[in-house]
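Residue strings, one per chain:
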Amino acid sequence: MSDTAKRPAVRGWVAVAVVEGSDLTTGVGEHFGRSPRFLLVRGAAQTVQVLENTHAEAVQGAGPATASLLARHGVTAVIAGRFGPKAEDALRAAGVLPVVAEPGTKAEAALAGLQPEMIAAVG
């Protein structure tokens, strides 16, 4: 099996959970639903936008609400240190692929683990 055959492939925006920072040198955050922000990455040039997570401080249901937020923004995959079971179910139901990466890994390194076409511009 080739290296690329082991890596997930999707198209569209890829969200990376982060605690702070706004570029690809920022480390991957540990918690998906409680992540205060996401880097939205798209295209071969890796266009980056920052999306604040308005659900990070929710009393309950942060994971599913965050999944919905990302799906509304056209995200097709999300990278985080871990996903709760309800968040993972909500992501998959919305057609968003959850991808686990070691917390603290630079976003650019986590993205490098994905197939190039995963972050290729759509349309």
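Residues numbered from 1 in each chain as written. Predicted model: local features only at pLDDT ≥ 70, side-chain atom pairs only at ≥ 80, totals over all residues. Heavy atoms only, no water.

> Sorry if this is basic, but what is going on with the nonpolar core here?
Generally speaking, a soluble globular protein has its nonpolar side chains buried in company with each other. Core analysis: the largest hydrophobic core is formed by 17 residues, its most contacted members being Phe32, Phe38, Leu40, Leu70 and Val78. Not counting residues within four places of it along the chain, the set of residues in contact with Leu70 comprises Ala15, Phe32, Phe38, Leu40, Leu51, Val75 and Val78. Counting 15 residues, the second-largest nonpolar core is a separate cluster that includes Val16, Val28, Val99 and Leu114. (Core = buried A, V, L, I, M, F, W, Y, C linked by side-chain atoms within 4.5 Å. Buried < 20%, exposed > 50% of the residue type's maximum accessible area, 1.4 Å probe, protein only. Contact = heavy atoms within 4.5 Å.)

> Which parts of the structure should I look at to understand the packing of aromatic side chains?
Counted under the stated rule, the structure contains 2 aromatic pairs. A ring pair is formed by Phe32 and Phe83, whose centres lie 5.2 Å apart and whose planes are at 35 degrees; its orientation type is tilted. Residue Phe32 is located in the loop between strand S1 (13–18) and strand S2 (37–42), and its partner Phe83 is located in the loop between strand S4 (75–80) and helix H3 (85–93); the two are separated by 51 residues in the primary sequence. On the basis of relative accessibility, which here comes to 1%, the residue Phe32 falls in the buried class. By way of ring pairs, the aromatic residues Phe32, Phe38 and Phe83 are connected into one cluster. (Phe/Tyr/Trp six-rings, centres within 6.5 Å; stacked < 30°, edge-to-face > 60°. Helix = DSSP H or I, 4+ residues; strand = E, 2+ residues; numbered from the N terminus.)

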